[in-house]
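Here's the letter readout for the chains.
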Amino acid sequence: PLSVSPAADPAVISPQDPTLLIGSSLVATCTVSPDFPQKAEDLYWTLNGRRLPAASYTALGPSTLSVALARLNGSRQQSGDNLVCHSRDGGILAGSCLYVGLPPEKPVNITCWSKNMKDLTCKWAPGTEGETFLHTNYTLKYKRRWYGQDNTCQEYHTAGTYSCHIPKDLALFTPYEIWVEASNRLGVAVSDVVMLDILDVVTTDPPSDVHVSRVGDLEDQLSVRWSSPPALKDFLFQAKYQIQYRVEDSSEWKVGGHRRCRGTARGGRGSGCSHLPPLQVVDDVGNQTSCRLAGLRPGTVYFVQVRCNPFSIYGSKKAGIWSDWSNPTAASTPRSERVAGGCDPKGGEQNTTLRRELKQFFGWVKKHAYGCSNLGIKLYDQWRVWLQKSHKTRNQVGKEP
């Protein structure tokens, strides 16, 4: 039987797919196969689709054309920059990928956390500069300290670009060594080793079922209740909670005066809470799942968030890691019924509230009333009804039994 040889390539570029440091220079050659009627003077070069100047070409023979590239920048794409040799009519004769970049830097800032004491998630930063212009692989490795073999994490990008999740088979009461290896076409870099015990890096989901409600007719207080995170219900631990809150017309969780929080769980007052500046944050230590905010402004909508930090898990001496904040929950304090008067020592504060309400009222009038003829007490009453409905739909307002 006759054997058929594969068709020869029209041309060959040398070097093929080189890897170079940023700032390097390169001379590449394109040699046309004898089976194709192309001469050196019929050829030209492109880099990433852009035609390179003829002044950088040199004919090295009747069918070989070189191009000189100086002070190369980092590759525009991690798959390499496309250096292509063309025939006079624009046809592609051969191509080569240029990988121009930097070796990886040592990964830094390794931090890890566990949601259920059976798993571990770690994240890191890719060095001080980060950008290598080359595809760089990151591998998280871990092992038990003093003994045990190296293990490799498999589930990457679970908590961001530079992260990995170990779902199971981790031991408690055993320190682990954890490190990250970075590798690309130009080299390998290894992070410092981090040592940790799973019990020392436990965190939870945010507290669930956060409810904020009024405390009877007390115009300066709100009650906050929440549920403990379910992930740790089967483990022996204590919980530390923080509450932060802000008024409706503010976008920042910042201190606006001294407030108090009184523990209300199990019928006791708890240990008490106070602000931690610069945020409006209330610290509550222990397994309490409720707190009363006091010293608030009457007739004001407050947004409240809660987060949790488990600690003393199985006697661990280190604090856990704060959870994310819960979704904001809103409620309003009752409006003061006192009428502002010149002899009232707090008349100035009430005048401020009155002016704010009048400003809201006239803004509403512009949208709902036409002309001045309709301006009267009836229109004001309509506004109060609208205001009440608006608050009820936006806020979770209730009273404690």
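In case you missed it, the structure is sitting above this.
Criteria and cut-off values
- Residues numbered from 1 in each chain as written.
- Predicted model: local features only at pLDDT ≥ 70, side-chain atom pairs only at ≥ 80, totals over all residues.
- Heavy atoms only, no water.
- Disulfide = S-S within 2.5 Å.
- Helix = DSSP H or I, 4+ residues; strand = E, 2+ residues; numbered from the N terminus.
- Buried < 20%, exposed > 50% of the residue type's maximum accessible area, 1.4 Å probe, protein only.
- Pairing = 2+ DSSP bridges.
- Contact = heavy atoms within 4.5 Å.
- Axes fitted to C-alpha atoms, helices over the stretch in contact; angles between N-to-C directions.
- Salt bridge = Lys/Arg side-chain N within 4 Å of Asp/Glu carboxyl O.
- Core = buried A, V, L, I, M, F, W, Y, C linked by side-chain atoms within 4.5 Å.
- Phe/Tyr/Trp six-rings, centres within 6.5 Å; stacked < 30°, edge-to-face > 60°.
- Lys NZ or Arg CZ within 6 Å of the ring centre and 35° of its normal.

Draft legend 1. How the structure looks around the state of the cysteines. The final tally for this structure, using the stated rule, is three disulfides. For cysteine 112, the disulfide goes to cysteine 122, at an S-S distance of 2.1 Å. One disulfide, between cysteine 112 and cysteine 122, carries an S-S torsion of 110° and so falls in the right-handed class. Of the two residues, cysteine 112 sits in strand β10 (residues 108-113) while cysteine 122 sits in strand β11 (residues 120-125), which places them 10 residues apart along the sequence. Each of the two residues, cysteine 112 as well as cysteine 122, counts as buried. A disulfide bridge connects cysteine 153 with cysteine 164, and the sulfur atoms are separated by 2.0 Å. Given an S-S torsion of about -100°, the disulfide between cysteine 153 and cysteine 164 has left-handed geometry. With a gap of 11 residues between them, cysteine 153 in the loop between β13 (151-152) and β14 (155-156) and cysteine 164 in strand β15 (residues 163-166) connect regions that are remote in the sequence. When its relative accessible area of 2% is taken as the criterion, cysteine 153 is described as buried.

Draft legend 2. The arrangement of the sheet that holds strand β5 (residues 50-51) in detail. One open sheet holds the five strands; their spatial order is β2-β9-β8-β4-β5, and the pairing between them is mixed. Strands at the two margins of the open sheet, each flanked by one partner only, are β2 (19-21) and β5. Bridge analysis of strand β4 (residues 44-47) against β5 gives two bridges, and the strand direction is antiparallel. In the strand pairing of β5, threonine 46 is matched with arginine 51.

Draft legend 3. Representation of the environment of glutamate 155 in the model. If you trace the backbone, glutamate 155 turns up in strand β14. Looking at glutamate 155, the relative accessible area reads 35%, which means it is partly exposed. With residues near it in sequence (within four places) discarded, glutamate 155 still touches Ser163, Cys164, His165 and Pro167.

Draft legend 4. Geometry of the sheet that holds strand β1 (residues 11-14). Spatially, four strands are ordered β1-β3-β7-β6 in an open sheet, and the strand pairing comes out antiparallel. Of all strands in the sheet, those bounded by a partner on one side alone are β1 and β6 (57-61). The sheet shows a mean angle of 20° between the axes of neighbouring strands, taken without regard to direction. The pairing of strand β3 (residues 26-32) with strand β7 (residues 64-69) spans six bridges and is classified as antiparallel. Paired with alanine 28 across the bridge in β7 is valine 67.

Draft legend 5. Representation of unusual backbone geometry. In this model, serine 14 is joined to proline 15 through a cis peptide bond whose omega is 0°. Its location among the elements puts proline 15 in the loop between β1 and β2. Non-glycine residue aspartate 17 carries a positive phi angle of around 55°. With respect to the element layout, aspartate 17 can be found in the loop between β1 and β2. In this structure aspartate 17 comes out as partly exposed when scored by relative accessible area, which is 33%.

Draft legend 6. Geometry of the pattern of salt bridges. Summed over all chains, the structure comprises four salt bridges. Of the charged contacts, one joins lysine 106 and aspartate 192 as a salt bridge, the two residues approaching to 3.2 Å between their closest N and O atoms. Of this pair, lysine 106 sits in the loop between β9 (92-101) and β10 while aspartate 192 sits in the loop between β17 (187-190) and β18 (194-197), and the two are 86 residues apart along the sequence. Residue lysine 106 is classed as partly exposed on the basis of its relative accessible area of 39%.

Draft legend 7. Region of interest: the nonpolar core. The biggest cluster of nonpolar side chains holds 23 residues, and the ones touching the most others in it are Trp45, Leu52, Leu69 and Leu83. Sorting the residues of this core by element identifies β1, β3, β4, β7, β8 (81-86) and β9 as the ones contributing at least two each. Residues contacting leucine 69, with those up to four places away along its chain left out, are Ser24, Ser25, Leu26, Leu52, Leu83 and Leu98.

Draft legend 8. Highlighting the packing of aromatic side chains. Applying the stated rule across the entire model yields five aromatic pairs. A centroid spacing of 6.0 Å and a plane angle of 65° characterise the contact between tyrosine 245 and tyrosine 302, whose relative ring orientation is edge-to-face. Placement of the pair is tyrosine 245 in strand β21 (residues 238-247) and tyrosine 302 in strand β25 (residues 301-311), with a sequence separation of 57 residues. Residue classification places tyrosine 245 among the buried positions, given a relative accessible area of 0%. Three or more aromatic residues link up through ring pairs in this structure, and these residues are Trp124, Tyr138 and Tyr162. In this arrangement the basic side chain of arginine 51 is found over the ring face of tyrosine 44, its NZ or CZ atom lying 3.7 Å from the centre. Stacked on the ring of phenylalanine 303, the Lys or Arg arginine 246 has its end atom at 4.6 Å from the ring centre.

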